[in-house]
Amino acid sequence: MAEAHAEEHHGHHVTSNRVLNTTFLQLFAAMVITILAARAPIDGPALFPGFKDFFLKWEYAWGATNAIALGIAAFKAVQVIRFFMGVQYASGLIKLYAVMGFVGFTWLYILFWDYVGRPWEPVRGWETVPGTALPRDPDSDAGVPYKLYPGKEEGASAEMSHE
Amino acid sequence: MSQAVIGQRHEIPDLHYLNNGHTIASWLLTKDHKRIAVLYLISVSFMFFVGGLAAALVRLELTSPHGQLFTSEQYNKLFSAHGIVMVFFFIIPAVPAVLGNFALPIMIGAKDLAFPRLNLLSWYLYVVGALIVLTSFILGGVDAGWTFYTPLSSIYSNTQISLCLVGLFLAGFSSIFTGVNFIATVHKMRAPGMTWFKLPHFVWANYATSLIIVLGTPVVAITLVLVILERTLKFGIFSPELGGDPVLFQHMFWFYSHPAVYIMILPAMGVISELVSCFSRRRLFGYEMVAFSTVAIAAIGFLVWGHHMFFSSQSVLQGIIFSLLTLIVAVPSAIKTFNWVLTMYKGSVVFTTPMIYVLGFIGLFLVGGLTGPYLGAVACDVHLTGTYFVVAHFHFIMVGGAIMGFLGGLHFWWPKMFGRMYSEFWGRLSALVVFIGFNFTFFPQFILGYLGMPRRYHYYYFAPEWQIYNILSSAGASVLAIGYLMPVFYLTASLIKGKPAGPNPWGATGLEWNKTSSPPDTHNFHEKIVVTEPPYNYDAISDNRDYRKMWGGEPLEWEKETV
Amino acid sequence: MAAHGAAIDPNEPVVYEQYETIEQQQETYLVGMWSFLVTEVMMFGALFLVYSLYRWKFRGEFFMFHEELSWQWGGLNTMNLLFSSFLMAKAVQATQLKRAKAQMWYLAGTIVCAFIFLIIKAIEWIPKFEHHLVPTASFHWPPHEPHGSGGGSPEHAKIFYSLYFTMTGLHGLHVVIGIIAITILMVMTKLKAKAITDYIPTEMVGLYWHFVDLVWIFLYPLFYLIPR
Ligand code: HEM
Ligand SMILES: [Cu+2]
């Protein structure tokens, strides 16, 4: 604790130097680990024969580096929120609102059910093959009226009203 | 509870928030939540009549099957202008920003909102946003509808969409700041003794609404920014030519905009809970359940957005999930309706102007709400989507529900806001005209939709038999317009000629009626507030019957017997 | 509790008229700030959602697109922002302990870090304009002198760069707003009071600044460290 006398002031908590320093070092270390984990299989040294191949297989199997990178990022975020932003010592109400945004954000991911389900009944327009959708008209802001999807007139033209 | 003496003559207090400063600056730089509410009232009413003008032109065009008055482009711009103005600049701010701003702090016993300057900023953002949007209409209009679906809005349309979206972005932040303000206020500014389960339902409703605003609005705000970037800089996010997904826009748009329909209706429901209890002279039936259903609506409202996208290439899997969830969201709305009806049951209902609006609300919301599950069931929606059935559905809720709630609340709190009574005769008449005009306008649209008339078309020469319904609807719209114009006159007249209302003309419970003068003091209260009574404590009022007599209600049969 | 109307003690925080006690006022400001941050989370959250959708959709290709971004510069900037966040936390602590000088120095340090962040961003962005990697009408993929393989479909590359510029751009905008906020805070603190009375303004700016850091913590691995 930095200054014992000033620890509690107007009922709010003063985060000590030790906590701040530790958090900063943790964040720093976490960042270094993320970079190493991501770059090692690409341009890191070959620690042992077949190292990169092993790493790549491992990664392809479980998307491991993705998980590592995001896991570490989440850890960093939690540390920042807890200690730098002081939520650790804050009231329950503040904790509630600190969590709420992230809950809402996760909520958005419901819409992945749509994209997971689409391949089960393919819908035109969502193929990854380039060139399936229409070419963009570079001058569309300068007076060119609607153009329909080539080959999709049945669906599209019914929506458009023209005389 | 201090009870007003019935029939007494009242005086307007010498000093109140309205005459505390007369300069223009004292209004435009005010930090008083009540004055900001008045500013909002003026600006919101102005936008309402702008949107109404567009609606009138739309209805005029539809009287003929051949679309003779406007070209297709002009018609597109008209209905877009109508939708944008009404949704973003009228219904969303109307109840929270006018009535909420005025009443919410008083109802919880606070001297003001938590952040008065932020409140003023909200109003300025609203005004600037509105001006920008109106400018975009003048400079050429917007033709993508209020929903701005991509790729029409991002690639094809060559109208003033970018400018309009900037205005909407600002308006979005206006409501976000209001939401932040309400949240902080409800959490931290309640008077001692005002526990969560003593809060009036209007406060609950605004609190839940604020949560929706804070969680949902930023999503649509950033989505609109993406559209602006696609239009102006030719970025590609939703662009199908790049392999992007235009339907993703709809997901993100409706993630906000379905909850947004609850932003529109929840505060109005809060108003109804206040009014129904006051004018039935009876405690609100099932206080806890109504509070619970408010929060449930706010939460489940975020789970159903896909019902707007059943037929825009959303996967069938998602369609089914959303269909089920949509049917669930009707439950809490029904809970509320049952509670209102049960409050009236065996209450002594007083047919004042606000109460007539309430009765209109309940009936129309019932029809609007019950058609929701029709649209929410995928199999049924195949036939109904994109037709006038949908138009009728949401107008029953937004016009028949939200606007009726707004008008009811306005008539209820008007004596408190300005200290004078309006003409009860004209008030009741206007409520009736609105109700009748409304039904003539929108009921035929259910039939039209059932017969297959598509929305957003401006001609129907291929089905001239629809003309009769369209003419009915347009005729009803003119009645409705008269109904909406009447309050402008008699409410304005009441400011000058109305007889002083006294602190509590309705004999209502609640801090705003019992602890403040009409109009209230700038600091709201003259005493320190400590809340001890339960909410809606009408059963403890002894002279309920006198209030009913005063407002022209006859004693009920069972009452006569007991007398 | 500071009584209304009583002579204002220059060492005690001012209680605005709508509040009863200083504790209530401070907590209210914090609740307000946090609910605003909920909004901010959702705003960036929507962009992260779009990002994850396209990353998942074009998972093979995003690696090739990201090779044009420099993980070294990005890493440097991450370090820089983490450090600025640390300084900001120290500034808040100094304010709470009423050490006015230290507060000013820490805030100034935070601003310096913020400017360094913007300079590094400029170093990254400006060549992208020359190499036609900005996803406007003149976007071109593959780049003329690619750092990596330059493979992948040009259309999807444009989506990637649209996301990159939107997300880092919005984040950069927040950094700029943060600089403005900190500057205003410093000026107001200097002008208004000889001694520090209330730590809440610093705390609120601090929360905002930590949020900016928080976003970057996710942006960095998602854009600069994409695995193959
Ligand atoms: C009670 C439960 C409700 C259910 C189950 C429900 C269901 C639906 C469904 C399924 C649609 C889509 C129809 C289609 O496009 O094919 C729809 C449209 C709509 N609903 Fe509701 N709804 C409900 C309540 C509300 C409320 C309370 C409001 C507004 C205050 C509202 C406003 C709207 C609007 C504005 C649209 C049309 C949006 C557009 O396409 O422009 N609904 N509703
Ligand atoms: Cu909906």
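Residues numbered from 1 in each chain as written. Chains lettered and ligands numbered in written order. Predicted model: local features only at pLDDT ≥ 70, side-chain atom pairs only at ≥ 80, totals over all residues. Heavy atoms only, no water.

## Some details on the overall build of chain C
So, step 1. Secondary structure assignment for chain C yields six helices and zero strands.
So, step 2. Overall, chain C shows an N-to-C arrangement of helices and strands of α-α-α-α-α-α.
So, step 3. When the backbone C-alpha atoms are referred to their principal axes, chain C occupies close to 70 × 30 × 30 Å.
So, step 4. Looking at chain C as a whole, 62% of its 228 residues qualify as buried.
So, step 5. Across chain C, every contact between residues at least 6 apart in sequence was considered, and the portion connecting residues at least 24 apart equals 79%.
So, step 6. A distance of 6 Å separates the average location of the 14 positive side-chain charges in chain C from that of its 17 negative side-chain charges. (Helix = DSSP H or I, 4+ residues; strand = E, 2+ residues; numbered from the N terminus. Buried < 20%, exposed > 50% of the residue type's maximum accessible area, 1.4 Å probe, protein only. Contact = heavy atoms within 4.5 Å. Lys, Arg positive; Asp, Glu negative; His and termini not counted. Charge placed at Lys NZ, Arg CZ, Asp CG, Glu CD.)

## Some points on empty space enclosed by the protein
Residue and element names in this part refer to chain B.
So, step 1. Under the defined criterion, the tally for this structure stands at eight cavities of 30 Å³ or more.
So, step 2. Lining the largest cavity are 20 residues, with Phe88, Ile92, Ala171, Gly172 and Ser175 positioned closest to its centre.
So, step 3. Class assignment of the residues belonging to the lining of the largest cavity gives a composition of 15 nonpolar, five polar and no charged. (1 Å grid on protein atoms, 1.4 Å probe; cavity = no way out; pocket = protein on both sides within 12 Å on 5 of 7 lines; lining within 4 Å. Points joined across faces, edges and corners; volume = space filled by probe spheres on them. Nonpolar A, V, L, I, M, F, W, Y, C, P; charged D, E, K, R; others polar.)

## Points about the environment of Phe182(B)
All names here are of chain B.
So, step 1. Mapped onto the secondary structure, Phe182 falls in helix H6 (residues 161–188).
So, step 2. Along the chain, Phe182 and Phe302 lie 120 residues apart, while their C-alpha atoms are 20 Å from each other.
So, step 3. Filtering out sequence-adjacent residues up to four positions away, Phe182 remains in contact with Pro96, Gly100, Asn101, Leu104, Leu113, Asn206 and Ser210.

## A look at helix H4 (residues 92–108) of chain A
An α-helix turns once every 3.6 residues. As a result, residues three or four positions apart point the same way.
So, step 1. For H4(A), with 17 residues, the first-to-last C-alpha span of 25 Å sits near the 24 Å given by 1.5 Å per residue.
So, step 2. Listing the buried residues of H4(A) in full gives Leu93(A), Ile94(A), Tyr97(A), Ala98(A), Met100(A), Gly101(A), Gly104(A), Phe105(A) and Leu108(A).
So, step 3. For H4(A), the secondary structure elements touched by its buried residues are H6, helix H7 (201–233) and helix H8 (246–279) of chain B together with helix H1 (22–57) of chain C. (Expected span 1.5 Å × (residues − 1).)

## Let's talk about the packing of helix H2 (residues 33–61) of chain B against helix H13 (residues 388–418) of chain B
Residues and elements named next belong to chain B.
So, step 1. Between H2 and H13, the shortest axis-to-axis distance is 14 Å and the interhelical angle comes to 150 degrees. The angle between H2 and H13 falls in the class roughly antiparallel. When you trace H2 past H13, the crossing you get is left-handed. Here H2 contributes Val38, Leu41, Phe48 and Arg59 to the contact with H13, which in turn contributes Tyr388, Ile403, Phe406, Leu410, Trp414 and Phe418. (Axes fitted to C-alpha atoms, helices over the stretch in contact; angles between N-to-C directions. Parallel < 35°, antiparallel > 145°, perpendicular 65-115°, else oblique. Left-handed = near helix turned anticlockwise from the far one by under 90°.)

## Topic: the coordination of the copper ion (ligand 2)
Residues and elements named next belong to chain B.
So, step 1. Every protein donor of the copper ion (ligand 2) is accounted for by His258 (ND1), His307 (NE2) and His308 (NE2), and the metal-donor separations fall at 1.8 to 2.0 Å.
So, step 2. Donor residues for the copper ion (ligand 2), ordered by position in the chain, follow H-x48-H-H.
So, step 3. Residue classification places His307 among the buried positions, given a relative accessible area of 14%. (Donors = N, O, S within 2.8 Å, 3.2 Å for Na, K, Ca; no water.)

## Re the interface of chain B and chain C
So, step 1. Facing the 38 residues of chain B at the interface are 36 residues of chain C.
So, step 2. Buried surface at the junction of chain B and chain C, summed over both partners, amounts to about 3100 Å²; 73% is from carbon and sulfur atoms.
So, step 3. Across the salt bridge formed by Glu20(C) and Lys528(B), the nearest N and O atoms sit 3.7 Å from each other.
So, step 4. Between chain B and chain C we count 10 residue pairs in polar contact (both at pLDDT 80 or more) in total.
So, step 5. Across the side of chain B that touches chain C, the residue classes break down as 27 nonpolar, four polar and seven charged. (Buried area = accessible area lost by both parts, 1.4 Å probe. Salt bridge = Lys/Arg side-chain N within 4 Å of Asp/Glu carboxyl O. Polar contact = N/O pair within 3.5 Å; in protein donor to acceptor, adjacent residues only side chain to side chain.)

## Comments concerning the coordination of the iron atom of ligand 1
Residues and elements named next belong to chain B.
So, step 1. Just one protein atom donates to the iron atom of ligand 1; it is His393 (NE2), sitting 2.2 Å from the metal.
So, step 2. The copper ion (ligand 2) is placed at 4.3 Å from the iron atom of ligand 1.
So, step 3. Mapping His393 onto the fold places it in helix H13.

## Overview of the site of ligand 1
All names here are of chain B.
So, step 1. Around ligand 1 there are 21 residues in total, and Asp381, Thr385, His393, Phe394 and Arg455 lie nearest to it.
So, step 2. Here Thr385 contributes a side-chain N or O atom positioned 2.7 Å from an oxygen atom of ligand 1.
So, step 3. Here an oxygen atom of ligand 1 and a side-chain polar atom of Arg455 are 2.9 Å apart.
So, step 4. When residues of the shell around ligand 1 are traced back to their parent elements, those giving at least two are H8, helix H11 (353–376) and H13.
So, step 5. Tallied by class, the residues present in the shell around ligand 1 amount to 11 nonpolar, eight polar and two charged. (Near = heavy atom within 4 Å.)

## Regarding the nonpolar core
Most often, soluble globular proteins keep nonpolar side chains buried together rather than apart.
So, step 1. Core analysis: the largest hydrophobic core is formed by 280 residues, its most contacted members being Ile84(B), Phe148(B), Phe361(B), Trp34(C), Tyr161(C), Leu163(C) and Phe223(C).
So, step 2. At 22 residues, H8(B) tops the list of elements feeding residues into this core.
So, step 3. When sequence neighbours within four positions are dropped, the list of residues in contact with Leu163(C) reads Ile237(B), Val50(C), Tyr51(C), Tyr54(C), Phe62(C), Thr168(C) and Phe223(C).
So, step 4. By size, the runner-up hydrophobic cluster in this structure holds 14 residues, among which are Ala54(B), Phe70(B), Leu448(B) and Ala463(B). (Core = buried A, V, L, I, M, F, W, Y, C linked by side-chain atoms within 4.5 Å.)

## Thoughts on the interface of chain C and chain A
So, step 1. Taken together, the contact pairs 60 residues of chain C with 58 residues of chain A.
So, step 2. Taking both partners together, chain C and chain A bury about 5200 Å²; carbon and sulfur atoms supply 75% of that area.
So, step 3. Where chain C packs against chain A, one counts zero salt bridges.
So, step 4. Viewed at the interface, chain A and chain C are joined by seven residue pairs in polar contact (both at pLDDT 80 or more).
So, step 5. Listed by contribution, the elements that provide at least two residues to the side of chain C that touches chain A are H1, helix H2 (59–66), helix H3 (71–96), helix H5 (154–192) and helix H6 (200–224) of chain C.
So, step 6. Taken together, the residues of the side of chain C that touches chain A break down into 36 nonpolar, 12 polar and 12 charged.

## Some points on H13(B)
Residues and elements named next belong to chain B.
So, step 1. Along its length, H13 reaches its greatest deviation from straightness, about 40 degrees, at Phe412, and the proline Pro415 lies no more than four positions downstream.
So, step 2. Within H13, 30 of the 31 residues are buried, which leaves the element mostly enclosed by the surrounding structure.
So, step 3. Capping the start of H13 is the job of one residue whose side-chain oxygen sits 3.1 Å from the backbone nitrogen of Phe389: Thr387.
So, step 4. Two residues or fewer after H13 comes Gly419, characterised by a positive phi angle close to 80 degrees. (Bend = angle between axes of the 7 residues up to and from the residue.)

## A short note on the pattern of salt bridges
Residues and elements named next belong to chain C.
So, step 1. One pass over the full model with this rule turns up five salt bridges over all chains.
So, step 2. Of the charged contacts, one joins Glu124 and Lys121 as a salt bridge, the two residues approaching to 3.8 Å between their closest N and O atoms. Taken together, the residues span about one helical turn, with Glu124 and Lys121 both in helix H4 (residues 100–130) at a distance of three residues.
So, step 3. Look at Lys121 and you get buried, because its relative accessible area is 5%.

## Quick notes on the packing of aromatic side chains
So, step 1. The tally for this structure, following the rule as stated, stands at 84 aromatic pairs over all chains.
So, step 2. Taking the centre distance of 6.4 Å and the plane angle of 40 degrees together, the rings of Phe84(A) and Phe86(C) count as tilted. Of this pair, Phe84(A) sits in helix H3 (residues 64–84) while Phe86(C) sits in helix H3, on two different chains.
So, step 3. Given the relative accessible area of 7%, Phe84(A) is considered buried. (Phe/Tyr/Trp six-rings, centres within 6.5 Å; stacked < 30°, edge-to-face > 60°.)

## Thoughts on the side chain of Thr387(B)
All names here are of chain B.
So, step 1. Take Thr387: it is sitting in the loop between helix H12 (378–384) and H13.
So, step 2. You can call Thr387 buried: its relative accessible area is 5%.
So, step 3. A polar contact is formed between the side chain of Thr387 and the backbone nitrogen of Phe389, at a distance of 3.1 Å.

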